[in-house]
Amino acid sequence: MNISVIGTGYVGLVSGACLADMGNHVLCLEVEAAKVAALNAGRIPIYEPGLEAVVRRNREAGRLSFSTDAAASVAHGVLQLIAVGTPSGEDGAADLRYVLQAAREVGRRMEDYRVIVNKSTVPVGTADKVRAAVQAELAARGKAIAFSVVSNPEFLKEGAAVEDFMRPDRIIIGSEDERATALMRELYAPFQRNHQRLMLMGVRSAELAKYAANAMLATRISFMNELANLAEALGADIEEVRRGIGSDPRIGTHFLYPGAGFGGSCFPKDVRALQRSAEAARRPLRVLAAVAEVNEAQKHVLGAKIRARFGEDLRGRTFALWGLAFKPNTDDMREAPSLSLIADLRAAGAKVRAYDPVARQALEGVTLTDSAQEALRGCDALAIVTEWAEFRSPDFAALKQALGTPAVFDGRNLYDPAMMRALGFEYFPIGRKP
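Since this is a predicted model, take the numbers as computed values, not measurements.

Caption draft 1: Focus on the sheet that holds strand S9 (residues 318-322). Taken together, the six strands give an open sheet; going across it, the order is S11-S10-S9-S12-S13-S14, and neighbouring strands pair in parallel fashion. Only two strands of the sheet have a single neighbouring strand rather than two, namely strand S11 (366-368) and strand S14 (426-428). This sheet shows a mean twist of 20° between the axes of neighbouring strands, independent of strand direction. Looking at chain direction, strand S12 (residues 381-384) and strand S13 (residues 407-410) are connected through three bridges and run parallel. Following the sheet pairing, alanine 383 is matched in S13 by phenylalanine 409. Each of S9, S12, S13 and S14 touches helix H13 (residues 301-310); the most contacted strand, S13, lies at about 160° to it. Helix H14 (residues 337-347) rests against S9, strand S10 (351-355), S11 and S12 of the sheet, and its axis sits at about 180° to S9.

Caption draft 2: Examining empty space enclosed by the protein more closely. What the rule picks out here adds up to one cavity of 30 Å³ or more. Estimated volume of the largest cavity: approximately 40 Å³. Counting residues per element, the lining of the largest cavity draws most heavily on helix H9 (residues 203-234), which supplies three residues. Here the lining of the largest cavity is composed, by residue class, of three nonpolar, four polar and two charged.

Caption draft 3: Expanded view of the packing of aromatic side chains. If you walk through the whole model with that rule in mind, you get twelve aromatic pairs. Note on phenylalanine 165 and phenylalanine 191: the rings are 5.4 Å apart at their centroids and 85° apart in plane angle, and the pair reads as edge-to-face. Taken together, the residues span a long stretch of sequence, with phenylalanine 165 in helix H7 (residues 161-166) and phenylalanine 191 in the loop between helix H8 (178-188) and strand S8 (198-201) at a distance of 26 residues. Using a relative accessible area of 5% as the deciding quantity, one classes phenylalanine 191 as buried. Considering the side-chain rings of phenylalanine 255 and phenylalanine 267, the 6.3 Å spacing of their centres and the 40° angle between planes classify their relative orientation as tilted. Linking phenylalanine 255 in the loop between helix H10 (238-246) and helix H11 (267-280) with phenylalanine 267 in helix H11, this pair joins segments that are twelve residues apart in sequence. The class of phenylalanine 267 is buried, set by a relative accessible area of 13%. One aromatic cluster is present, formed by Phe310, Phe319, Phe409 and Phe428 through successive ring pairs. The positively charged end of arginine 179 is found above the aromatic ring belonging to tyrosine 113, 3.6 Å away from the centroid. If you follow arginine 309 out to its NZ or CZ, it ends over the ring of phenylalanine 310, 4.7 Å from the centre.

Caption draft 4: Structural view of the layout of surface pockets. Considering only enclosed or pocket space, the largest pocket measures out at about 1500 Å³ in volume. For the largest pocket, the lining is made up of 48 residues, of which Lys157, Leu217, Phe255, Phe267 and Lys327 are closest to its centre. Ranked by residue count, the leading element in the lining of the largest pocket is H9, at six residues. Taken together, 38 residues form the lining of the second largest pocket, with Gly9, Ala83, Val84, Gly85 and Thr86 sitting closest to its centre. Counting residues per element, the ones that place at least two in the lining of the second largest pocket are helix H1 (10-21), helix H5 (97-109) and H11. Counting residues per element, the lining of the second largest pocket draws most heavily on H5, which supplies four residues. Taken together, the residues of the lining of the second largest pocket sort by class into 13 nonpolar, 13 polar and twelve charged.

So, how was this worked out
- Residues numbered from 1 in each chain as written.
- Predicted model: local features only at pLDDT ≥ 70, side-chain atom pairs only at ≥ 80, totals over all residues.
- Heavy atoms only, no water.
- Pairing = 2+ DSSP bridges.
- Helix = DSSP H or I, 4+ residues; strand = E, 2+ residues; numbered from the N terminus.
- Axes fitted to C-alpha atoms, helices over the stretch in contact; angles between N-to-C directions.
- Contact = heavy atoms within 4.5 Å.
- 1 Å grid on protein atoms, 1.4 Å probe; cavity = no way out; pocket = protein on both sides within 12 Å on 5 of 7 lines; lining within 4 Å.
- Points joined across faces, edges and corners; volume = space filled by probe spheres on them.
- Nonpolar A, V, L, I, M, F, W, Y, C, P; charged D, E, K, R; others polar.
- Phe/Tyr/Trp six-rings, centres within 6.5 Å; stacked < 30°, edge-to-face > 60°.
- Buried < 20%, exposed > 50% of the residue type's maximum accessible area, 1.4 Å probe, protein only.
- Lys NZ or Arg CZ within 6 Å of the ring centre and 35° of its normal.

Rendered as structure tokens:
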């Protein structure tokens with residue numbers, strides 16, 4: 001099939017590359033000429049395991065191309081996949097300007113039947129707005145061309161997006177048009193040869209399903225963080241509690257790990273957007289409001305533990321941070337817990353040295369280092385914020401020797417408290433007996 005993907009951000013680039021890998025001819029439209037030039041030169045703007053190889057393979061095979069030419073993009077594919085950003089507005093609602101700009105561009109230039117596929121994470125009712133935008137452009141041109149609007153939300157985890165796209169656990173299609181549905185079934189047939197993963201539903205249900213999924217996962221995280229803080233106050237061990245409740249098949253083990261809070265480009269933004277949608281419908285989601293409140297507070301727990309140990313005034317002290325990205329296997333630092341901890345430490349007068357294997361964004365007042373060991377130099381203590389694999393089994397003797405005080409503030413519960421005590425560390429995990 002010929003497919004056009006509008007937007008080469010995280011969702012657009014992964015989707016375009018993976019669809020090309022199935023033999024489709026994919027044209028990715030991007031408004032930034034510099035970004036297109038970089039992609040055509042083989043430079044990938046994001047860190048995502050496996051993505052660079054997929055892009056390179058399909059560019060060399062001639063199945064994947066990048067362009068700023070909107071007319072060429074609209075002419076290329078019957079399927080027009082919109083995968084542009086939907087950032088939070090000032091009130092927390094999703095900003096749909098880029099989605100609607102993309103829709104208008106299709107309406108302005110289409111000469112034959114097109115299916116506009118919303119892959120961007122959008123509020124319920126966006127498909128209606130897209131349809132109206134396309135129809136308005138056609139009317140302005142005096143054209144009567146058939147088109148369909150479909151919702152096809154993505155469920156890609158940063159750090160495992162290529163694997164998730166190639167081996168999806170579900171493919172949600174929100175469509176009420178038989179012709180569009182048939183084309184979407186054809187598109188995803190190669191991804192479900194073993195068993196049926198495609199779920200057909202109404203457009204509004206598909207739009208809500210994406211937000212509901214992220215809100216549910218965010219809720220589990222915040223609930224476990226609340227339980228971890230309670231366990232700490234009561235002298236219980238959240239790891240033992242986690243195993244106890246995770247063994248219940250009705251609950252399961254996923255997303256039951258407490259930590260320093262969630263961040264990234266999806267959960268915080270989607271929680272806010274769903275809250276705004278619920279408020280607009282006069283059905284406020286009170287549980288979700290608590291989820292957001294708990295998460296914001298949790299991002300400051302490590303800072304509070306450090307101040308409780310070293311005092312409120314941290315002037316003259318330096319702390320090492322291991323991990324800046326909001327999760328491992330990505331360079332995404334958007335709303336990462338590390339940013340809150342850095343702000344807390346600097347507000348108390350401390351200096352910060354930080355290391356992350358791939359997240360290298362320059363931060364005011366932070367010295368970035370090229371190794372985990374180098375980050376420790378001259379530091380009073382260590383805080384672990386991201387659970388990168390290389391942090392799981394460090395040289396503990398070298399770690400202890402490098403620190404002014406053998407204190408480790410573990411925001412991801414990587415180590416066994418008894419082992420850390422035996423090694424002579426002061427160990428401050430989340431919800432565990434230190």
